[in-house]
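Each chain is listed here by its residues.
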Amino acid sequence: MEEPEMQLKVKKVTDKFTESMYVLANEPSVALYRLQEHVRRSLPELAQHKSDMQSWEEQSQGAIYTVEYACSAIKNMTDSSVYFKSIDSLLKHAIAMKDQLNAAQGRSTTAPQAKNPPASS
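Here the residue index of a chain counts from 1 through its sequence in written order. Side-chain atom pairs in this predicted model are given and counted only at pLDDT of 80 or more, local residue features only at pLDDT of at least 70, and totals for whole chains, interfaces and linings cover all residues. Water and hydrogen atoms play no part in the side-chain values, which are based on all heavy atoms of the structure.

Draft legend 1. Spotlight on the pattern of salt bridges. Salt bridges are counted wherever a side-chain nitrogen of Lys or Arg sits within 4 Å of a carboxyl oxygen of Asp or Glu. Applying the stated criterion across every chain, the model contains four salt bridges. Between Asp15 and Lys11 there is a salt bridge, with its nearest N and O atoms 3.6 Å apart. Of the two residues, Asp15 and Lys11 both sit in helix α1 (residues 2-25), four residues apart, roughly one turn of that helix. The cut-offs for exposure are 20% and 50% of the maximum accessible area for each residue type, with area from a 1.4 Å probe on protein chains only; residues under the lower value are buried, those over the upper are exposed, and the others partly exposed. Using a relative accessible area of 41% as the deciding quantity, one classes Asp15 as partly exposed. Measuring nitrogen to oxygen at the nearest pair gives 3.0 Å for the salt bridge that ties Lys75 to Asp79. Taken as a pair, Lys75 and Asp79 lie in helix α2 (residues 28-79) at a separation of four residues, close to a single helical turn. The class for Asp79 is partly exposed, based on a relative accessible area of 40%. Put simply, DSSP marks the helices as runs of H or I at least four residues long and the strands as runs of E at least two long, and each gets a number from the N terminus on.

As structure tokens, then:
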């Protein structure tokens, strides 16, 4: 009878020992130490990633600003087509007026020459 009794006592002792080891391994101070070690190992890499992301964000913001500025410029150019058409019309009108003035000056300078022919020798 001693053997089953001994086995029961051994089982109780091993169970208590296992429970004690489990509690010790999962004690809050050990958990905090493990957490601290994890943070110490991974923090430099995370800081580098943060720095890279901030740099990429700045570059992206610059590119977005450039694209928005270009879109705004193109929109303004398309909106100004009305003004360019008006300028084109005014230039054509000015050229026609200049041609009329040149034609009128040409007739007025050729007419006096016809009245006073040059003398021939």
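Draft legend 2. α1, seen in detail. Between the first and last residue of a helix there are one fewer steps than residues, each counted as 1.5 Å, and that sum is the expected span. With 24 residues, α1 extends 34 Å between its outermost C-alpha atoms, agreeing within 8% with the 34 Å of an ideal straight helix rising 1.5 Å per residue. Counted residue by residue, α1 has zero buried out of 24 residues, so it is predominantly exposed.

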